[in-house]
Amino acid sequence: MRDFFERKKEELGIELNAVQQQAVLETEGPLLLLACPGSGKTTTMIMRIGYLIEEKKVPPSRIKAITFSRASAADMKARFEKLFPHLPSVNFSTIHSLAFEITRHYLEKTDRNYELIEGKGSHQFNKQSLLKRIYKDVLKEDCTDDELGTLSTFISGLKNKLIPMDKWEEVEQPFKNASLIAKKYEQHKTKQTHFIYVDFDDMLVLAEEALRLDDALADEFRGRFDYLLTDESQDTSLVQHMIVEHLVAYHGNLCVVADDDQSIYTWRGADPTYLLEFKKVYPDALILQMEQNYRSSKEIVETAAKFITRNQDRYPKQMFTKNAANKPIQLKQVSTPKDQLDYVIYELLNEKNLSETAILFRNNASSTMYVSELHRRGIPFYMKDADDKFFNHWIIEDILNFMRLSFNVERKDIFAKIILKMNLYVSRSQVTKFQNAKASGNVFDVFMKTVPLKERQVKKLQDYKKGYEVIPEMRPMRVIQLIREDLGYEAALKSRAEKFGYRFDHLNDILDTLENIAMPLRTMVEFAQRLKELEEAVQTAKFNPPENAVTLSTFHSSKGLEFGRVFMIDLQKGIIPSEEDEQDVRTLEEARRLFYVGMTRAKNRLELLSFQEDEGKKKEDSRFLNEVRRIINPNQAPVEKRKTIATKQVQRKTVQVNPKGIQNRQELSVGLEVVHRVFGKGKILSVDSKVKIQFEHEQKEFDTNTILQYGFIERV
Ligand code: ATP
Ligand code: MG
């Protein structure tokens, strides 16, 4: 038996520690491996699979490894192939694909046809359209995208926790009548006798039901695998745990790997507390713990270990490492999101090993700016959960329609699409009247002629008409600004947001992103082409990533992965934690775990980035960032409130920010040797609202905020 580990040590240079070896060797019966990030959970699981095949001669087809997502299945498969290149591959799959297989058999046996209404296979009629319809029936209002997301998460929670329908009303509702909508949704899917609509949650619920009720079917699936393994089990939901329980009911050969500190999906029904009960379900289970981190440098491990102790609801663990120290964790505070982007891009341009580099963010919406800039600079990138929703957003369609009209101001069809979005308080019936009118010519004239209007409206329309005369000559960024401001689009958006309960900030962010995309371009045609190009680039980044690509990922999807260098961006109050996260301790702790997952992805270099203002609005650092700051510098006072950066002072900038410059107040200390952009080498004499610097021949004072904002001085 020693031979196996000796051999692996020679072949791979990985020497498993005693607990890891034990976890590999104890192949029979249930095993729970509870361990810290980077402690080798996944590695151990893969070694165990290799051991089963190489040493115990178990046919690979008899082993089932269950992963959390398709991406992690692919990741684990790749890792297995790296460690055991000579072995045939094992069945790595998600619990959903396994459940779907079971569900299909079950429906066939019970003589039911089905249609999938979620994911790729679904068509026009899908989960979302059905939920929207029922929402409107029940609440007599349109369902916003945010509410649709909330509703969908709520339903997933109910089903993943196996809560019976008659108890749904007792569950805390995200909004009034949510459980009623959920019920109607269920009833609609199952109202026919021989036909059923199936979403992702149903696959799990039906598979569990099948295994519980249909012995023959359960036996068939039980008979397929002699060994089951599940990674990232802190994010397994009750229904998923039950499926696994049914499958190992006879042999109990189950290896469960988890870290409660990395549980980041309870909002969607994951149930990490199940692991606490593991012994109740599997009385003879072996439970092992691992605390040594092999992944990250000493600074990262020690800081992350302290950081997570702020959470109350956790198993006590002491993560440590024997790895050497590397660069300190860098906390970089820049002025604006654009500066943050510039900094990251600048660093990437100088980074040779892009495939070992990742940019991690909370919200996928942040990624579009990065995609645009990476693409423009020719930096290859990979994005597994790319958000193509951005390019199909109705705001983009609106902006393009505003632009299209400028190519031919006689197009009544296009005008009819945008007139309601010009903040003119025009009614639909007026638009219909305009459309039905025989008159042709400049649409503004036709509209004023055919529709009775108030004086104020006429005045505005005349202005708009003039605006449209100059648009063809303008650069697309200016056109977007004109649409937003002078053609009333932003104001219309605001009242629309209020009326329908959209988050105006989110909508406005989309417009900002569009302006940024348009910035370097000369014509509207180029702009439209650029959007198409970017949409394609995102698809390529997702399905066909180039070699040596930097990874863009949400914190959530980065789980289980590791990179030499990690940038965590947008670490702001309101983003992480979000306002919703701050509402109670449980969600706040989950957000802290999410931050912790991000931090523990980095092997050597971790950079935590935040900005001070956005579009003239002052922004605060994430409280988690401040926690890290205090861990790193326990003696330092909390970050000084940057009162002096008044919003009015922050205008559209023309000065180039130096990304290498010192941008963090705390890095300025008396005696520090620096290089000033203009005056050259010097030493800091004092720091308060001004920084006094002794240069070779002279002393000078500078405004501290300005120096930081533009990175005017660098360390020597
Ligand atoms: P996470 O919680 O993030 O999923 P994990 O516990 O699954 O982490 P792994 O990804 O398996 O950790 O391992 C982290 C890193 O440590 C990998 O690069 C792996 O090769 C390395 N590693 C694991 N065990 C050892 C060991 N005994 N000796 C040397 N390196 C190891
Ligand atoms: Mg892992």
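Criteria and cut-off values
- Residues numbered from 1 in each chain as written.
- Chains lettered and ligands numbered in written order.
- Predicted model: local features only at pLDDT ≥ 70, side-chain atom pairs only at ≥ 80, totals over all residues.
- Heavy atoms only, no water.
- Helix = DSSP H or I, 4+ residues; strand = E, 2+ residues; numbered from the N terminus.
- Buried < 20%, exposed > 50% of the residue type's maximum accessible area, 1.4 Å probe, protein only.
- Contact = heavy atoms within 4.5 Å.
- Areas by Shrake-Rupley, 256 points an atom, 1.4 Å probe, with all protein chains shown as cover.
- Lys, Arg positive; Asp, Glu negative; His and termini not counted.
- Charge placed at Lys NZ, Arg CZ, Asp CG, Glu CD.
- Axes fitted to C-alpha atoms, helices over the stretch in contact; angles between N-to-C directions.
- Parallel < 35°, antiparallel > 145°, perpendicular 65-115°, else oblique.
- Left-handed = near helix turned anticlockwise from the far one by under 90°.
- Nonpolar A, V, L, I, M, F, W, Y, C, P; charged D, E, K, R; others polar.
- Near = heavy atom within 4 Å.
- Polar contact = N/O pair within 3.5 Å; in protein donor to acceptor, adjacent residues only side chain to side chain.
- Domains from an automatic or database assignment.
- Pairing = 2+ DSSP bridges.
- Buried area = accessible area lost by both parts, 1.4 Å probe.
- Phe/Tyr/Trp six-rings, centres within 6.5 Å; stacked < 30°, edge-to-face > 60°.
- Lys NZ or Arg CZ within 6 Å of the ring centre and 35° of its normal.

**What to know about the overall build of the protein chain**
- For the protein chain, the count of helices and strands is 27 helices and 21 strands.
- The principal-axis extent of the C-alpha atoms belonging to the protein chain is close to 85 × 85 × 45 Å.
- Within the protein chain, buried positions represent 53% of all 716 residues.
- Nonlocal contacts in the protein chain, meaning residues at least 24 apart in sequence, comprise 74% of its contacts between residues at least 6 apart.
- Surface accessibility of the protein chain: about 33600 Å² in total, with carbon and sulfur atoms responsible for 49%.
- Here the protein chain contributes 109 positively and 107 negatively charged side chains, and the mean placements of these two sets differ by 4 Å.

**Quick word on the packing of helix H18 (residues 428–436) against helix H19 (residues 443–450)**
- Running from N to C, H18 and H19 cross one another at 110°; their axes reach a closest spacing of 9 Å. Regarding the angle of H18 to H19, the classification is roughly perpendicular. Crossing geometry of H18 relative to H19 is assigned as right-handed. Here Gln-430, Lys-433 and Phe-434 of H18 come into contact with H19, specifically with Val-443, Val-446, Phe-447 and Thr-450.
- Classifying every residue of the contact of H18 with H19 by side-chain character gives four nonpolar, two polar and one charged.

**Side note on the site of ligand 1**
- Residues in contact with ligand 1 amount to 20 residues; listed here are only the nearest, Lys-41, Thr-42, Thr-43, Glu-562 and Arg-601.
- Backbone polar atom of Ser-39 to an oxygen atom of ligand 1: 3.2 Å apart, as the coordinates give it.
- At 2.8 Å, a side-chain N or O of Gln-262 approaches an oxygen atom of ligand 1.
- In the complex, the protein chains occlude 87% of the 630 Å² of accessible area that ligand 1 would expose alone.
- In terms of residue count, helix H3 (residues 41–54) provides more of the shell around ligand 1 than any other element does, three residues in total.
- In the shell around ligand 1, the residues fall into five nonpolar, eight polar and seven charged.
- Counting the residues that make up the shell around ligand 1, at least three belong to each of domain 1 (2–97 + 205–292) and domain 3 (330–380 + 546–652).

**Quick look at the sheet that holds strand S1 (residues 31–35)**
- Reading across the sheet, the six strands line up as S3-S2-S6-S7-S1-S8 and stay open at both edges, with parallel pairing between neighbours. Every other strand in the sheet has two partners, leaving strand S3 (91–94) and strand S8 (286–290) as the edge strands with one partner each. Adjacent strand axes in the sheet meet at a mean angle of 15°, parallel and antiparallel pairs treated alike.
- Each of S1, strand S2 (63–67), S3, strand S6 (227–230), strand S7 (254–258) and S8 is contacted by H3, which is oriented at about 160° to S7, the strand it contacts most.

**Brief notes about the domain arrangement of the protein chain**
- When its domains are assigned, the protein chain resolves into domain 1 (2–97 + 205–292), domain 2 (113–193), domain 3 (330–380 + 546–652), domain 4 (391–527) and domain 5 (665–715).
- Taking only C-alpha atoms, the centre of domain 1 and the centre of domain 2 are 32 Å apart.
- Each side of the interface is counted separately: domain 1 has ten residues, and domain 2 has seven residues.
- Taken together, both faces of the contact between domain 1 and domain 2 bury some 690 Å²; the carbon and sulfur share is 67%.

**Quick word on the packing of aromatic side chains**
- Here the structure, examined in full by the defined rule, presents 24 aromatic pairs.
- A ring pair is formed by Phe-4 and Phe-84, whose centres lie 6.5 Å apart and whose planes are at 10°; its orientation type is stacked. Of this pair, Phe-4 sits in helix H1 (residues 2–12) while Phe-84 sits in the loop between helix H4 (70–83) and S3, placing them 80 residues apart in sequence. The burial state of Phe-4 is the same as that of Phe-84; both residues are buried.
- With a centroid separation of 4.9 Å and 45° between ring planes, the pair formed by Phe-278 and Tyr-282 is classed as tilted. Residues Phe-278 and Tyr-282 agree in their burial class; the two are buried.
- Through pairs of rings, three or more aromatic residues link up here, namely Phe-4, Phe-5, Tyr-51, Phe-80, Phe-84 and Phe-92.
- In this arrangement the basic side chain of Arg-112 is found over the ring face of Tyr-106, its NZ or CZ atom lying 5.5 Å from the centre.

**Things to note about unusual backbone geometry**
- At the junction of Ile-576 and Pro-577, the peptide bond is cis and its omega measures out at 0° in the coordinates.
- Examined against the element boundaries, Pro-577 turns out to sit in the loop between strand S13 (563–568) and helix H25 (585–599).

**As for the sheet that holds strand S11 (residues 381–383)**
- Strand order in the open sheet formed by six strands is S9-S14-S13-S10-S12-S11, with parallel pairing between adjacent strands. Each edge of the open sheet carries a strand with a single partner, namely strand S9 (330–334) and S11. Across this sheet, the average inter-strand angle for adjacent strands is 20°, counted without regard to direction.
- Across five bridges, S13 lies against strand S14 (residues 602–611) in parallel orientation. When the sheet's bridge partners are listed, Phe-563 is paired in S14 with Ala-602.
- In this fold helix H26 (residues 623–632) packs onto S9 and S14, with an angle of close to 130° to the strand it touches most, S9.

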